[in-house]
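# Overview (structure and organization)
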Amino acid sequence: LHPNYGDASNVIFSLPCVDPLPQSDSPLDYGVHHQTVLVAAQVVANNAFDGYLALDKKGIQPVLIPLEGILIGRKCFFIVPGDEFYPIVPSFQDWQFPHDKLPDSWPAVAPTEAAQAAQCVITRFPWALDSAHIAPTAQTSWFDDNGMSRYGTSVSPSIDDYCNLLWLRRDLHTPTFDAFWFALVPKPVVATATTTATIVYSVHVLVDNQPLFPTFYHDIQVPHLRGAAREFLFARFAQAVRIRVKTFVTARKRRLIARFVVDGMKEEVIREELSGDALFKAYGGGRTRSASPTKRK
């Protein structure tokens, strides 16, 4: 929730409770991974990485659950110190990628040491595969505006770079991955008697209207990402979350927003307050990825 909007219009986004509480035998004991919720709120609030979650609007009662823990309860407020009226980035196209500022919780992926047989990174199936873009080709303009080619490894890196591709089983590509049913996020691996706790990218389900999908795929660890760049994984997560902000943006309420605008050699983040009608007109189309209110050159 945003602390500076009324109770009828302060829900920035919602995520389904798909993470089971540790050491619980009840099928109803579910919440959401704290670090995942926090990073989602931070990128939506224009990369406010100093922000935190709290139980009250003033931020006096911060959430005390460890970042690797599971949030319970129905709601929490996102607080940005020193900026109580912080803006929301209304669409993925308006978001500026935070170069050199990614959270430490998002680790680099080990480079591929040798050629590997093609297999789905989630199911390990070796057939019916697609080569899926992490940062979608539909976002080529955003990719170029934000200079994302710097994270490629080829001689002439582009959105088709090896670091931006994953093998996915066909039914996990177009109808689910491309529809942002899930993202790959870092989560802790529980330590055992013979291993120590570490961080690995895992499937995090983001839809709550497909009850069987999390049962089959949520929290599957994906350690074989073939050198995929963490920056592209982060951008994919940011886009998946930002789609869920559309209701907040198009609720016909006056909002403070932030937009990254590229105009020739000039790049800047514009912070402005727009009426509900203006926001609905700009972002209220039927598409999941709305256009920016100002066309970029």
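Conventions we followed
- The numbers attached to residues start from 1 for each chain and follow its sequence in the written order.
- Residue-level local features of this predicted model are given only where pLDDT is at least 70; pairs of side-chain atoms are given and counted only at 80 or more, and the full residue set underlies all totals for whole chains, interfaces and linings.
- Hydrogens and water molecules were not included; the side-chain quantities draw on all heavy atoms of the structure.
- Ring pairs shown here join Phe, Tyr and Trp side chains whose ring centres sit within 6.5 Å, with only the six-membered ring taken for Trp; geometry is labelled stacked below 30 degrees between planes, edge-to-face above 60, and tilted in between.
- Numbering goes from the N terminus for both helices and strands, where a helix is a DSSP run of H or I of at least four residues and a strand is a run of E of at least two.
- Only protein chains enter the accessibility calculation, which uses a 1.4 Å probe; a residue whose area is less than 20% of its type maximum is buried, one above 50% is exposed, and one in between is partly exposed.
- Residue-level confidence of the predictor, termed pLDDT, takes values from 0 up to 100.
- Residue contacts follow a heavy-atom distance rule, with two residues in contact if any of their heavy atoms lie within 4.5 Å.
- When DSSP locates at least two bridges between a pair of strands, those strands are taken to pair.
- Working convention: axes come from line fits to C-alpha atoms, limited for helices to the stretch in contact. Angles between N-to-C directions cover 0 to 180 degrees.
- We define a salt bridge as a contact between a side-chain nitrogen of Lys or Arg and a carboxyl oxygen of Asp or Glu at a distance within 4 Å.
- Oblique is the label for every angle not falling under 35 degrees (roughly parallel), over 145 degrees (roughly antiparallel), or within 65 to 115 degrees (roughly perpendicular).
- Each residue is assigned to one of three groups, with Ala, Val, Leu, Ile, Met, Phe, Trp, Tyr, Cys and Pro labelled nonpolar, Asp, Glu, Lys and Arg labelled charged, and all others, Gly among them, labelled polar.

Per an unreviewed UniProt entry, the chain is named HNH nuclease domain-containing protein, and its organism is Lasiosphaeria miniovina.

## So, the packing of aromatic side chains
Scanning the entire structure with this criterion turns up 22 aromatic pairs. Aromatic side chains F49 and F234 sit 6.5 Å apart centroid to centroid with 50 degrees between the ring planes, which places their arrangement in the tilted category. With F49 in the loop between α1 (34–44) and β3 (52–54) and F234 in helix α5 (residues 230–243), this residue pair connects regions lying 185 residues apart in the sequence. Assessed through its relative accessible area of 0%, F234 is described here as buried. Both rings, one in F92 and one in W95, keep their centres 5.8 Å apart while their planes meet at 40 degrees; by these two values the pair is tilted. By the burial criterion, F92 is buried, and W95 matches it.

## Looking at α1
One turn of an α-helix holds 3.6 residues; hence residues three or four places apart share an orientation. Burial of α1 is extensive: eleven of the eleven residues sit out of reach of the surface. Buried within α1 are the following residues: H34, Q35, T36, V37, L38, V39, A40, A41, Q42, V43 and V44. Residue N46 follows α1 closely and has a positive phi angle near 60 degrees.

## Observations regarding the confidence of the model for the chain
Averaged over every residue, the pLDDT of the chain is 91; the share at 70 or more is 90%. Ignoring residues within four places in sequence, the model shows residues 287–297, a span with pLDDT below 50, making 33 contacts including any to other chains.

## Thoughts on the sheet that holds strand β1 (residues 19–20)
Strand order in the open sheet formed by three strands is β1-β2-β4, and the pairing between neighbours is antiparallel. Among the strands making up the open sheet, the edge pair consists of β1 and β4 (70–71). As paired strands, strand β2 (residues 30–33) and β4 are joined by two bridges and run antiparallel to one another. Along β4, the bridge assignment pairs H33 with I70. Here α1 sits on the sheet and contacts β2 and β4; the angle it forms with β2, its principal contact strand, is near 55 degrees.

## Side note on unusual backbone geometry
Unusually for a residue other than glycine, N46 sits at a positive phi of about 60 degrees. Look at R124: it is not a glycine, yet its phi comes out positive at around 70 degrees. Locating R124 in the fold gives a position in the loop between β5 (77–79) and β6 (129–133). Given a relative accessible area of 39%, R124 falls into the partly exposed group.

## Brief notes about the pairing of strand β10 (residues 255–263)
The buried fraction of β10 amounts to eight of the nine residues, a majority that puts the element mostly inside the structure. Linking two consecutive strands that pair antiparallel, namely β10 and strand β11 (residues 266–274), is a turn of two residues; a positive phi of about 65 degrees is found at G264 within it.

## Considerations on the pattern of salt bridges
Under the counting rule described, the total for this entry stands at twelve salt bridges. Note that K187 and D219 form a salt bridge whose closest N and O atoms lie 2.8 Å from each other. On the criterion of sequence distance, the pair formed by K187 in strand β8 (residues 182–189) and D219 in the loop between α4 (212–217) and α5 is long-range, its members being 32 residues apart. Owing to a relative accessible area of 6%, K187 belongs among the buried residues under this scheme. D219 gets classed as partly exposed once you look at its relative accessible area, which sits at 31%. Of the charged contacts, one joins K266 and E268 as a salt bridge, the two residues approaching to 3.5 Å between their closest N and O atoms. Several salt bridges converge on common partners, so that one network encompasses D19, K187 and D219.

## Focus: the packing of α1 against α5
Two elements in contact, α1 and α5, have axes whose closest approach is 10 Å; the angle formed by their N-to-C orientations is 80 degrees. By the angle between their axes, α1 is roughly perpendicular relative to α5. Across the interface between the two elements, T36, V39, A40, V43 and V44 from α1 touch F234, F237, A238, V241 and R242 from α5. The residue inventory of the contact of α1 with α5, partitioned by class, reads eight nonpolar, one polar and one charged.

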